[in-house]
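Chain and residue survey
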2 protein chains.
Amino acid sequence: MEKIRIGIVGYGNLGKGVELAIRQNEDMELVGVFTRRAPKTVKLLTEGVPVYHIDAAADMKDKIDVMILCGGSATDLPEQTPELAKYFNVIDSFDTHARIPEHFANVDKVCRENGNLAFISLGWDPGLFSLNRLYAESILPSGKTYTFWGKGVSQGHSDAIRRVEGVKRGIQYTVPVDAAMDAVRSGSQPELSTREKHERVCFVVAEDGADKEKITETIKNMKNYFDEYNTTVNFISDEEFEAQHNKMPHGGFVMRSGKTGDGEKTHQMIEYSLKLESNPEFTASVLIAYARALSRMKAEGIVGCKTAFDIAPAYLSRLSGEELRASML
Amino acid sequence: MEKIRIGIVGYGNLGKGVELAIRQNEDMELVGVFTRRAPKTVKLLTEGVPVYHIDAAADMKDKIDVMILCGGSATDLPEQTPELAKYFNVIDSFDTHARIPEHFANVDKVCRENGNLAFISLGWDPGLFSLNRLYAESILPSGKTYTFWGKGVSQGHSDAIRRVEGVKRGIQYTVPVDAAMDAVRSGSQPELSTREKHERVCFVVAEDGADKEKITETIKNMKNYFDEYNTTVNFISDEEFEAQHNKMPHGGFVMRSGKTGDGEKTHQMIEYSLKLESNPEFTASVLIAYARALSRMKAEGIVGCKTAFDIAPAYLSRLSGEELRASML
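Residue positions are given per chain, counted from 1 along the sequence in the order it is written. Whichever chain is written first becomes A and whichever ligand is written first becomes 1, with later ones labelled in order. Selection of residues for local features in this predicted model requires a pLDDT of at least 70, selection of side-chain atom pairs for listing and counting requires 80 or more, and totals for whole chains, interfaces and linings are taken over all residues. Side-chain figures throughout are based on the complete set of non-hydrogen atoms in the structure, without hydrogens or water.

**Observations regarding helix α5 (residues 155–162) of chain B**
Residue and element names in this part refer to chain B. Using a 1.4 Å probe on the protein chains alone, a residue whose accessible area is under 20% of its type maximum counts as buried, one over 50% counts as exposed, and one in between counts as partly exposed. Strands here mean DSSP runs of E at least two residues long; helices mean DSSP runs of H or I at least four residues long; both are numbered from the N terminus. Listed as buried for α5 are His157, Ser158, Ala160 and Ile161. Angular distribution of buried residues about the axis of α5 spans 160°; they occupy a single face of the element. By definition, residues are in contact when any of their heavy atoms lie within 4.5 Å. Those residues of α5 that are buried lie in contact with β8 (152–153), β9 (167–176), β10 (198–206) and α8 (212–220). Picture the helix axis, draw a direction to every C-beta atom, and the arc is the one those directions span.

**Structural notes on unusual backbone geometry**
Across the junction of Gly150(A) and Lys151(A), the peptide omega takes the value -5°, indicating a cis bond. Positive phi outside glycine occurs at Ser121(A), with the angle close to 60°. Residue position: Ser121(A) is located in the loop between β6 (117–119) and α4 (128–139). Here Gln189(B), not a glycine, exhibits a phi torsion of approximately 50°, which is positive. With respect to the element layout, Gln189(B) can be found in the loop between α6 (178–185) and α7 (194–197).

**Quick look at the packing of helix α10 (residues 279–299) of chain A against helix α4 (residues 128–139) of chain B**
Helix axes use the C-alpha atoms of the stretch in contact, all axes being lines fitted to C-alpha atoms, and the angles between their N-to-C directions lie in the range 0 to 180 degrees. The geometry of α10(A) relative to α4(B) is characterised by a closest axis approach of 8 Å and an angle of 105° between their N-to-C directions. Between α10(A) and α4(B), the angle is such that the two are roughly perpendicular. Contact residues: α10(A) offers Phe282(A), Ser285(A), Val286(A), Ala289(A), Tyr290(A) and Arg292(A), while α4(B) offers Tyr135(B), Ser138(B) and Ile139(B). Note that Gly is not counted as nonpolar here; it falls among the polar residues with everything else outside the nonpolar set of Ala, Val, Leu, Ile, Met, Phe, Trp, Tyr, Cys and Pro and the charged set of Asp, Glu, Lys and Arg. A per-class count over the contact of α10(A) with α4(B) returns six nonpolar, two polar and one charged. For classification, angles of less than 35 degrees are called roughly parallel, those exceeding 145 degrees roughly antiparallel, those between 65 and 115 degrees roughly perpendicular, and all remaining angles oblique.

**Some points on the relation of the copies chain A and chain B**
A residue counts toward the fit only if its pLDDT is at least 70 in both copies, and the copies are then superposed by least squares on the C-alpha atoms of those residues. If you rotate chain A by 180° and push it 0.0 Å along the axis, it lands on chain B with an RMSD of 0.0 Å. Here the copies are linked by what is in effect a two-fold axis. Minimal C-alpha distance to the rotation axis in chain A is attained by Ala312(A), lying at 1.9 Å. When the interface residues of chain A are mapped onto chain B, 100% of them are again interface residues, pointing to one common binding face.

**Points about the pattern of salt bridges**
The salt bridge definition used is simple: a Lys or Arg side-chain nitrogen within 4 Å of an Asp or Glu carboxyl oxygen. Applying the stated criterion to the full structure yields 40 salt bridges over all chains. The partner of Lys109(B) in a salt bridge is Glu113(B), with the nearest N and O atoms 3.1 Å apart. Pair noted here: Lys109(B) and Glu113(B) are both in helix α3 (residues 100–114), with a separation of four residues, about one helical turn. Taken together, the shared-partner salt bridges in this structure form one network comprising Lys168(A), Arg169(A), Asp238(A) and Glu242(A).

**Observations concerning the sheet that holds strand β5 (residues 90–91) of chain A**
Sheets are built from strands paired through backbone hydrogen bonds, the pairs being either parallel or antiparallel. All names here are of chain A. Spatially, seven strands are ordered β3-β2-β1-β4-β5-β6-β14 in an open sheet, and the strand pairing comes out parallel. Each having just a single partner strand, β3 (51–53) and β14 (304–306) make up the two edges of the open sheet. Across four bridges, the pairing between strand β1 (residues 4–9) and strand β4 (residues 66–69) is parallel. The residue bridging Gly7 from the neighbouring strand is Met67, located in β4. Across the sheet, helix α3 (residues 100–114) is in contact with β6 and β14; its angle to β14 comes to roughly 140°. Sitting on the sheet, α10 is in contact with β1, β2 (28–35), β4, β5 and β6, with an inclination near 155° to β6. When DSSP locates at least two bridges between a pair of strands, those strands are taken to pair.

**Overview of the interface of chain A and chain B**
Each partner contributes residues to the interface: chain A has 66 residues there, and chain B has 66 residues. Surface buried jointly by chain A and chain B totals about 5600 Å² across both partners, of which 61% is contributed by carbon and sulfur atoms. Where chain A packs against chain B, one counts two salt bridges. The salt bridge involving Arg23(B) is made with Asp262(A); its shortest N-O contact spans 3.3 Å. In protein, a polar contact means a hydrogen-donor-capable atom and an acceptor-capable atom, both N or O and within 3.5 Å, with residues adjacent in sequence counting only if both atoms are side-chain atoms; elsewhere, any N or O pair within 3.5 Å suffices. The interface formed by chain A and chain B contains 30 residue pairs in polar contact (both at pLDDT 80 or more). At the level of secondary structure, the elements contributing two or more residues to the side of chain A that touches chain B comprise α1 (13–23), α3, α4, β12 (250–260), β13 (266–276), α10 and α11 (321–327) of chain A. Taken together, the residues that form the side of chain A that touches chain B break down as 33 nonpolar, 18 polar and 15 charged. Defined in terms of a 1.4 Å probe, buried area is the accessible area two parts forfeit on being brought together, summed over both.

Here it is, written out as structure tokens:
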């Protein structure tokens, strides 16, 4: 069997997750990792796989079937995805929801000019959560969709905490409010405010002699990050932080509460949830499954930019259509 | 806008559900209902829609875009789906899992000979549950999938109860065992026996003077239906039966417990669940969303037999690709 040859661009948590996910899929192999750092300084988890500078990527044009872009959505992917789509079939996890249409247009244009295929905005949100919103809203047109996130670490909010004076280390968990989810499940289709849906729980290691009350107030009142939420700030020791808060769990819920039948009186509830011990490892697993889909669709001659919405589920599985119908339908 | 012209074959609970689901989708219209009964004896919920005898269906060949087959899987659909696929694009909810490959082959052959497109085995299981099994197993290749059904009415088990001597009315609910679901969610990937996964709860109205103990024992020991389960039999009055057990709720859970990362130590949990007040109305809603997908794929020239696995999600939605990316991704 010819393996699907994968390249990774960017070797942070997501890139490492992709490297590990490839090990779980016998039909794939890691060809190389591309970085902006000095390649010599990057040590992979996999023996024998070379690290290249990203500027040398184009030279590998014919040796990689799918390039998986593991940079950030703020500045990396808006540049890297269209640039690398000149040479490669690419997959990214671009997650700035408001800028997806623009990103899609940029990537689609480059792909069509160069005969490549790109999948953008994959992962779990956008990605699996988006799919569930689409399926559920199509099936229950009369209803209301709710997305809850957590319990999980928000990198942006953790960064915001760490910028507060007197904070040595900090992490923030987004926590969905049980009462709000139960209200949704009841079928009452409530209007929920930002404050009602999620709370924010922070763990902080303070600098010696820092004013903890002031830290708490500064965090709780921070505009755009915390002021619209019920926020709790817990001060803990360096040791506790190290032991308890060294992981990147996340997850969440997509719920559709719909009505059907004569007079739309019948309540129908669809719920999808993820409970992830590692957000980057799970996102990586999604990207790798879609790399399989990409290589198959490309082999059928499809080019341009696609999202999870455009990809028939069967493309993701190693099983054939016959096997899927016999075992999984 | 040209509406999608729908025909319904079979006017039981599912057929009525399809009729009601069409009302919730402005891009569809009900053209006619086809029945084996005398058409005059069938009274629809919708004014002005004609009822035809099923033998006259072929005459409507050019007036219907998608024919939705609402018969049973035991004897109706294995005959009706291939027969009607000679003249129409068809959708069914064929749910005898073991016979799907054979049914698929029969329908596919007829479709290809006649230039039609068929979607088979749609609904929630097979259907949405199958999709969730496929997505979850593709994303987390190292793991275990569990399907739990209920709480919901099983028609087959209810029929079996009603055949017991001394039973006037009877209904059976399949109930998933909470402890089993919690064990799955813990990540321990347990091996669960039939008895550990589901219990069976029966409500019976006994004939006057019937031996209730004997009824209970007969039900509990019934081979293939109850003997492998913990079963509870409750005797209730006619009035209570009428008031409390006149609905067809159902639902269930698809869970994938998977491991990722270095040494596969990270637990990742995917869970999909449905809580349906009406099983037939929900199944009908799924069929109608896929009728939209069918009419679009047919317009692209696609023929043959397909399942949920083969259909890109975007085809189900009324929204365009641009709208979906802007609003739902």
